[in-house]
Amino acid sequence: MNEQQKKTVLSGVRPTGPQHLGNLVGALRNWLSLQDVCQCFFTIVGWHALSSEYMNSKAIKGHTFEVALDWLGVGLDPEKCVMFLQSEVKEHAELHLILSMVTPLPWLERVPTFKEMQQELQDKDLNTYGFLGYPVLQAADIVIYKADFVPVGEDQAAHLELTREIVRRFNRIFGPIFPEPQTLLTEVPRLAGTDGRKMSKSFGNSILIKDPPELIREKIMPMITDTRRMRRNDPGEPNDCPVFTLHRAFVPKERQDEVAHGCRTAGIGCRECKAVVLEYLIRTLEPIQERRRAFEKNPGRVWDILEEGNRKARRVAQATMDTVRAALGF
Ligand code: TRP
Ligand code: SF4
């Protein structure tokens, strides 16, 4: 397929810290296959992080570096995709401003994440103009590259719907400039964290991509299992076990089936079962962590890769903004 026929993909991550296994399974694995078949833009969205972390803005740069290391570690390839920093492509801010002019306030007030995040992060004052505009900035990130597809999890569905509504309104007023991006829902069974709830940074129950094997062992061995297996001889049900969500993501199917059978017949114990997933997990992460360490030792190279990505992104974003300004009559 030549470059012109390729579909354009954009996705972004807020730099709030290193990526965890949920990010690996839910997003990064998918991005890895997309970078071979689409024109992909992957961006670390520092301004989105700022919208909730403005009191701690100095931490964002370090988190950005960690995310970049995770991406390079898992094999995102700067030869195949554009990896860049949102805050280094100022055109995003200009388009955010322009889109904000045509976005009715009620559309933003009814985005479910607006109230939810305010509830969840009670220690932060998120009753700000910038935080309300979070989805408008996200829309700008996406449409400035005229992205066809946005690979994201279910939690982003409302933001993508709003992006399409903004696009329709913009196009109606100023002419057909932006395509309506489609959500590329990544359907993966949610990974459980170490406390049995969904693996999430905000729950502090994550296993990180960069965690050394010993730490991963310490996190997995005490994990809650199917509560029906109180004793070694009690049979269990893998579908009701948080640990087995990790098997599904990291253990080959045949071995998974063996373990599941062992669980249902009390043929194996939970310790043994956890040892299996630990073995495959560590085996999966080994080459990733090795690549990650190599980049970590060479931070100059990482920032150069990002800077090259910024340049490529800027070229596309500037061309789009020329069209937008002309459509406005400016
Ligand atoms: N809101 C997204 C999240 O919290 C991050 C994001 C910002 C994003 N801009 C984007 C995702 C553009 C996809 C496309 O995960
Ligand atoms: Fe979970 Fe494995 Fe124990 Fe079954 S044997 S309850 S799948 S940890």
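Numbers given to residues run from 1 along each chain, matching the order in which its sequence is written. Going through the entries in the order they are written, you letter the chains from A and number the ligands from 1. Predicted model: local features are reported for residues with pLDDT of at least 70 only, side-chain atom pairs are reported and counted for 80 or more only, and whole-chain, interface and lining totals are derived from all residues. Excluding hydrogens and water, the side-chain values take into account all heavy atoms of the structure.

J.: For this particular structure, what's the right way to read a nonpolar patch on the surface?
T.: Within this analysis, patches are made of residues with over 30% relative accessible area and no salt bridge. Like charges are joined at 9 Å or less; nonpolar side chains (Val, Leu, Ile, Met, Phe, Trp, Tyr) at 5 Å or less. For accessible areas, the Shrake-Rupley method is used with a probe of radius 1.4 Å. Any residue's cover is judged against the shown protein chains and nothing else. Any Lys or Arg side-chain nitrogen located within 4 Å of an Asp or Glu carboxyl oxygen qualifies as a salt bridge. There is a patch of nonpolar side chains on the surface, built from Leu50, Tyr54 and Met55 and spanning about 320 Å² of accessible area. Only DSSP runs of H or I reaching four residues or more are called helices, and only runs of E reaching two or more are called strands; each is numbered from the N terminus. Positionally, Leu50 belongs in helix α2 (residues 46-53). The classification of residues rests on relative accessible area computed with a 1.4 Å probe and restricted to protein chains. Under 20% of the type maximum is buried, over 50% is exposed, and intermediate values are partly exposed. Classification of Leu50 by relative accessible area gives partly exposed; the value is 32%.

J.: Please explain the domain arrangement of the chain as it appears in this structure.
T.: How big an interface is tends to be expressed through the accessible area that disappears when the partners come together. The domain boundaries assigned to the chain delineate domain 1 (8-191 + 299-328) and domain 2 (211-291). Placing the centre of domain 1 and that of domain 2 at their C-alpha centroids yields a distance of 34 Å. Contact with domain 1, which involves 10 residues of that partner, is made by nine residues of domain 2. When two components associate, each loses some accessible surface as probed by a 1.4 Å sphere; the sum of these losses over both components is called the buried area. Between domain 1 and domain 2, a total of about 770 Å² is buried, with carbon and sulfur atoms accounting for 72% of that surface. Taken as a group, Leu21, Gly73 and Leu191 account for 49% of the area that domain 1 buries against domain 2, more than any other trio of residues on that side. Summed over the shared surface of domain 1 and domain 2, the result is zero salt bridges. For the purposes of these results, a polar contact is taken to be a pair of N or O atoms within 3.5 Å, where, inside protein, one atom must be able to donate a hydrogen and its partner to accept one; residues adjacent in sequence count only when each atom of the pair is a side-chain atom. Seen at the junction of domain 1 and domain 2, the total is two residue pairs in polar contact (both at pLDDT 80 or more). A total of four residues in the side of domain 1 that touches domain 2 trace back to one element, the largest contributor, which is helix α1 (residues 21-37). In this entry, domain limits derive from an automatic or database-based domain assignment. In this analysis, two residues are considered to be in contact whenever any of their non-hydrogen atoms come within 4.5 Å of each other.

J.: Please explain the pattern of salt bridges as it appears in this structure.
T.: In a structure, side chains of opposite charge can pair up when their charged atoms sit close to one another. Counted by the stated rule, this structure contains 23 salt bridges. Asp70 is the partner of Arg292 in a salt bridge, and the nearest nitrogen-oxygen pair spans 2.7 Å. One end of the pair, Arg292, is in helix α13 (residues 270-296); the other, Asp70, is in helix α3 (residues 60-74), and 222 residues separate them in sequence. Between Arg110 and Glu165 there is a salt bridge whose closest N-O contact spans 3.6 Å. In this pair, Arg110 is assigned in the loop between α5 (105-109) and α6 (112-120) and Glu165 in helix α9 (residues 157-174), connecting sequence segments 55 residues apart. Three or more residues joined by partner-sharing salt bridges are found here, namely Glu66, Asp70, Lys210 and Arg292.

J.: So what exactly am I meant to see when it comes to the nonpolar core here?
T.: Side chains of a nonpolar character, in soluble globular proteins, are inclined to be buried together. Residues belong to a common nonpolar core when they are buried Ala, Val, Leu, Ile, Met, Phe, Trp, Tyr or Cys residues joined through side-chain atoms within 4.5 Å. With 52 residues, the main nonpolar core has Leu21, Trp71, Ile220 and Phe250 as its most contacted residues. The leading source of residues in this core is α13, at nine residues. Domain assignment of the residues forming this core places at least three in each of domain 1 (8-191 + 299-328) and domain 2 (211-291). For Phe250, the contacting residues outside a window of four places in its chain are Leu21, Leu24, Val25, Arg29, Leu191, Tyr280, Leu281 and Thr284.

J.: Whenever I open this one, the environment of Arg293 confuses me. Can you help?
T.: Among the structural elements, Arg293 can be located in helix α13. For Arg293, a relative accessible area of 44% translates into the label partly exposed. Spatially, the C-alpha atoms of Arg293 and Leu34 are 24 Å apart, while their sequence positions differ by 259 residues.

J.: Quick question: what am I supposed to make of the state of the cysteines here?
T.: Where two cysteines share a covalent bond between their sulfur atoms, that bond is called a disulfide. The criterion for a disulfide is a pair of cysteine sulfur atoms lying within 2.5 Å. Within the structure shown, the criterion is met by zero disulfides. Cysteine Cys38 remains unbridged, with the sulfur of Cys40 as its closest cysteine sulfur at 5.3 Å.

J.: I tried to follow the packing of helix α10 (residues 213-220) against α13 on my own but got confused; where do I start?
T.: The geometry of a pair of packed helices is captured by two quantities: the angle between their axes and the separation between those axes. What counts as an axis is a line fitted to C-alpha atoms, over the stretch in contact for a helix, and the angles between N-to-C directions run from 0 to 180 degrees. Two elements in contact, α10 and α13, have axes whose closest approach is 10 Å; the angle formed by their N-to-C orientations is 150°. In terms of their interaxial angle, α10 and α13 are classed as roughly antiparallel. Crossing of α10 against α13: the hand is right-handed. Facing Pro213, Ile216, Arg217 and Ile220 of α10, the residues of α13 in contact are Lys274, Val277, Leu278, Leu281, Ile282, Leu285 and Gln289. When describing relative orientation, an angle under 35 degrees is termed roughly parallel and one over 145 degrees roughly antiparallel, while 65 to 115 degrees is termed roughly perpendicular and anything else oblique. Handedness of each helix crossing follows the sense of rotation of the near helix against the far helix: counterclockwise by less than a right angle gives left-handed, clockwise gives right-handed.

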